[in-house]
Amino acid sequence: MKAKKLAGLAWKNLKQRKLRTFLTILSISIGITTIVAVASLGEGFRGRVRERMEHGFELDVLLVFPGSFTAGLRDGFSSTDMEYIRNLSGVSLVTPLITIPITETINLTTENGTKLGAFTIGGINFGEMVVMFPNRFTLLSGNLPAEGETSAILLGYKAAFINGSQVAEIGDKIFLTILQPNATPPFLRINFSVAGILTRQGTLGITNFDYWAFISLDEAIELIRNKDKPYQLLIVKVSNVSLAEEVAKQIERHFPPYSVSVFVPTSFARQVDIILTLVEMFLIGIGSISLLVAGIGIMNIMMISVIERTREIGILKAIGAKNSTILLMFLAEALLMGVIGGVLGLFTGYFFSYGLANLLSTFIHRPTISGIRTPEVQEIRIIPNFSPLWMIIAFSFSITISLIFGLYPARKAAKLNPVEALRYE
Amino acid sequence: MMKLVELKNVRKSYRMGKVIVPALRDVSLQVTRGEFLAILGPSGSGKSTLLNIIGCLDRPDEGEVIIDGINVLKLRDEKLAEIRLKQVGFIFQFFNLLPRLTALENVELPLLLAGVDEKRARERAKHLLELVGLESRVNHRPFELSGGEQQRVAIARALVNNPKIVLADEPTGNLDTRSGEEIIQLMKKLNSKLKQTFIVVTHDRKIASIANRIIYLRDGMIVGEKYRR
């Protein structure tokens, strides 16, 4: 019997039991809807997270810390350490950072005594820093201090603006005061002049400079005790993102164990990606269970159908239908339900995921993450990402399920004894 | 005359729960081409079982069944289905038409199963329906037809693949006298004009009266045989 005729017969049989067929198809399409919606939302969400990660971390920049995060950080890096890294292949730039945290004994104030919004003073090479973070280290106003301009200070946005009101302007005098309780004089005061103010960063991440104030490296070295190993952080730019992990390995190999830690954003990003994949798979797994339930529904409905049509099967066999023909006839019905349910599910999944995305987007509309409200975060919208691959996977899954669960009833029908089947009332 | 059907020492028993009920005990029978054979006997005598075995719907426990020179006992299920499709036509007491299909679709089904292309199948099915006098009812479904008409559709279906043997199990058993008479006349016509071989299981004396030969079955054994003409 020809395939077209078989399909036609299957369709006729399904139409005969409209409600039952409809309900079975509905259950399949719910399963497919779930899978499509979860997959496309998951992909959309993952894309968003990846975007944020790239925004928050420059993927071609490695951060090299002295010591170990777990076994304890050490003093710092020497110029020799920095030179070694600078000469590694794949490294295009290394720039150091000296950090002086603002504490009760170290203060940054304006001429009239107003405290700035800065939390940390960073000693940097201004020119190298701009090359390192071209998108981030941008000026809102003023100029970048020139090499050797030791009295210049560069303020992060939040250092200069407290709650939106500007406390320091270009050219203003800034006092760095260091209290020395048991020494004479009891405090040190160094004058700086505001050379520039950085643009607002907003994003969270390791390289947010909003609450920093930057001074020159030379001036910073003057202020710290360990002048042999002054650099608390080395920032390394690789010539190619794909080299990031290799360079990190080389750095780790060079230094004694626990004396260096390299933060590699790419591997971090990859870990996040892996975690997201796992979460997505988990959710799709749950969605697949609903399709499995639908499969059992197919089996159930077809078992009933085989029993109801026992006599019909007997007739078909008596007039010469082969077992394989009967098998195909019933499989065709299961397949047809799988195909219709699958197509329906793809469509409803498409619309459903947009609905769900809108719902989720309103939930995360005004987040206050660690108290910092940032403009970009408010714009987070999850847009479902329909990959053709997932469409194909979901569709073939529905067909596979319908065939697997249709096979048992179809075999049962095919194996009926014709004499007994004909006698069946 | 050539032997079309040959049964040698056929035995068949059924299991009803724990009891084994013998249906046929040592039946041997020969049917020649073009014959109209009537099998008579009380109910439970094994008539239907005999018919099912000749029609390759069932297999005997013992003995040999040779259809047109082929020993069918050694054949696989798929091969038996092919014999049923091409060599045998069945007519049942309760017509056994497929309720969702029209008269025409019912008749063309065996052709489609045999892989005949749709257009030719349709033509042949129409021709057969004309032969049984139902050219005006081709697009009716079984429930729209009378019992006699349904049985004519069944006869057309039985003949559509040009079988060597037509097997009928109480073909008039579910019809009123007049319709039954018409069916008998139709079978007689097909037998005499087309030389179609008929093997008919019946209680109906009228059918027996048109048969070339009558065999009597009782308790699974042939207890008598009568030739006409």
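These numbers come from a predicted model, not from an experiment. (Residues numbered from 1 in each chain as written. Chains lettered and ligands numbered in written order. Predicted model: local features only at pLDDT ≥ 70, side-chain atom pairs only at ≥ 80, totals over all residues. Heavy atoms only, no water.)

Caption draft 1: Region of the structure containing the overall build of chain A. Secondary structure assignment for chain A yields twelve helices and 14 strands. Its C-alpha atoms give chain A a radius of gyration of 34 Å, more than 25% over the compact-globule value 22 Å for 425 residues. In terms of overall dimensions, chain A has C-alpha extents of about 115 × 45 × 35 Å along its principal axes. The buried share of chain A, reckoned over its 425 residues, is 48%. Excluding contacts between residues fewer than 6 apart, the proportion of contacts in chain A whose partners are at least 24 apart in sequence is 80%. Distance between charge centroids for chain A: 21 Å, based on 38 positive and 32 negative side chains. (Helix = DSSP H or I, 4+ residues; strand = E, 2+ residues; numbered from the N terminus. Rg over C-alpha atoms; globule rule 2.2 N^0.38 Å. Buried < 20%, exposed > 50% of the residue type's maximum accessible area, 1.4 Å probe, protein only. Contact = heavy atoms within 4.5 Å. Lys, Arg positive; Asp, Glu negative; His and termini not counted. Charge placed at Lys NZ, Arg CZ, Asp CG, Glu CD.)

Caption draft 2: Looking closely at the sheet that holds strand β2 (residues 19–32) of chain B. Residues and elements named next belong to chain B. Here four strands make up an open sheet; going across it, the order is β2-β1-β4-β5 and the pairing antiparallel. Taken across any chain shown, the strands that pair with only one partner, and hence form the sheet edges, are β2 and β5 (70–71). As judged from the five bridges shared by strand β1 (residues 3–16) and strand β4 (residues 62–67), these two strands associate in the antiparallel manner. Paired with Glu-6 across the two strands is Ile-66, which belongs to β4. (Pairing = 2+ DSSP bridges.)

Caption draft 3: Broad picture of the sheet that holds strand β7 (residues 165–169) of chain B. All names here are of chain B. Strand order in the open sheet formed by six strands is β6-β7-β8-β3-β9-β10, and the pairing between neighbours is mixed. Two strands in the sheet have a free side with no partner beyond their single neighbour: β6 (88–91) and β10 (221–227). Going from strand to strand, the sheet's axes swing by 20° on average, the running direction of each strand aside. Note: strand β9 (residues 213–218) against β10, six bridges, orientation antiparallel. Bridge pairing in β10 links Leu-217 to Ile-222. Relative to β6, helix α5 (residues 147–159) is tilted by about 170°, and along the sheet it contacts β6 and β7. (Axes fitted to C-alpha atoms, helices over the stretch in contact; angles between N-to-C directions.)

Caption draft 4: Examining the interface of chain B and chain A more closely. Counting residues at the interface gives 29 residues for chain B, matched by 26 residues for chain A. Summing the contributions of chain B and of chain A, the shared interface buries around 2,500 Å²; its carbon and sulfur component is 58%. Of all residues in chain B, the largest losses of buried area upon contact with chain A belong to Glu-78, Arg-100 and Leu-113 of chain B, amounting jointly to 28% of the total for that side. At the boundary of chain B and chain A, one finds two salt bridges. Salt-bridge contacts for Lys-12 of chain A lead to Glu-105 of chain B; the nearest nitrogen and oxygen are separated by 2.8 Å. If you look at where chain B meets chain A, you find seven residue pairs in polar contact (both at pLDDT 80 or more). Within the residue set of the side of chain B that touches chain A, elements represented by two or more residues are α2 (77–86) and α3 (103–113) of chain B. (Buried area = accessible area lost by both parts, 1.4 Å probe. Salt bridge = Lys/Arg side-chain N within 4 Å of Asp/Glu carboxyl O. Polar contact = N/O pair within 3.5 Å; in protein donor to acceptor, adjacent residues only side chain to side chain.)

Caption draft 5: Just the domain arrangement of chain A, in detail. Split into domains, chain A comes out as domain 1 (3–56 + 273–423) and domain 2 (61–239). One C-alpha centre belongs to domain 1 of chain A, the other to domain 2 of chain A, and the line joining them spans 57 Å. (Domains from an automatic or database assignment.)

Caption draft 6: Main features of the packing of aromatic side chains. Counted by the stated rule, this structure contains 15 aromatic pairs over all chains. Note on Phe-137 of chain A and Phe-209 of chain A: the rings are 5.4 Å apart at their centroids and 80° apart in plane angle, and the pair reads as edge-to-face. With Phe-137 of chain A in the loop between α4 (126–132) and β6 (139–142) and Phe-209 of chain A in the loop between β11 (187–198) and β12 (212–216), this residue pair connects regions lying 72 residues apart in the sequence. Of the two residues examined, Phe-137 of chain A and Phe-209 of chain A, each falls in the buried class. By the ring-pair criterion, three or more aromatic residues cluster together here, those being Phe-133, Phe-137, Phe-209, Trp-212 and Phe-214 of chain A. Positioned over the ring face of Tyr-14 of chain B is Arg-423 of chain A, at 5.8 Å from the centre of the ring. (Phe/Tyr/Trp six-rings, centres within 6.5 Å; stacked < 30°, edge-to-face > 60°. Lys NZ or Arg CZ within 6 Å of the ring centre and 35° of its normal.)

Caption draft 7: Structural view of helix α9 (residues 310–318) of chain A. Residue and element names in this part refer to chain A. Across the nine residues that make up α9, a large majority, eight, are buried. Where α9 is concerned, the buried positions are Thr-310, Glu-312, Ile-313, Gly-314, Ile-315, Leu-316, Lys-317 and Ala-318. Once α9 finishes, Gly-320 follows within two positions and takes phi at roughly 110°, a positive value.

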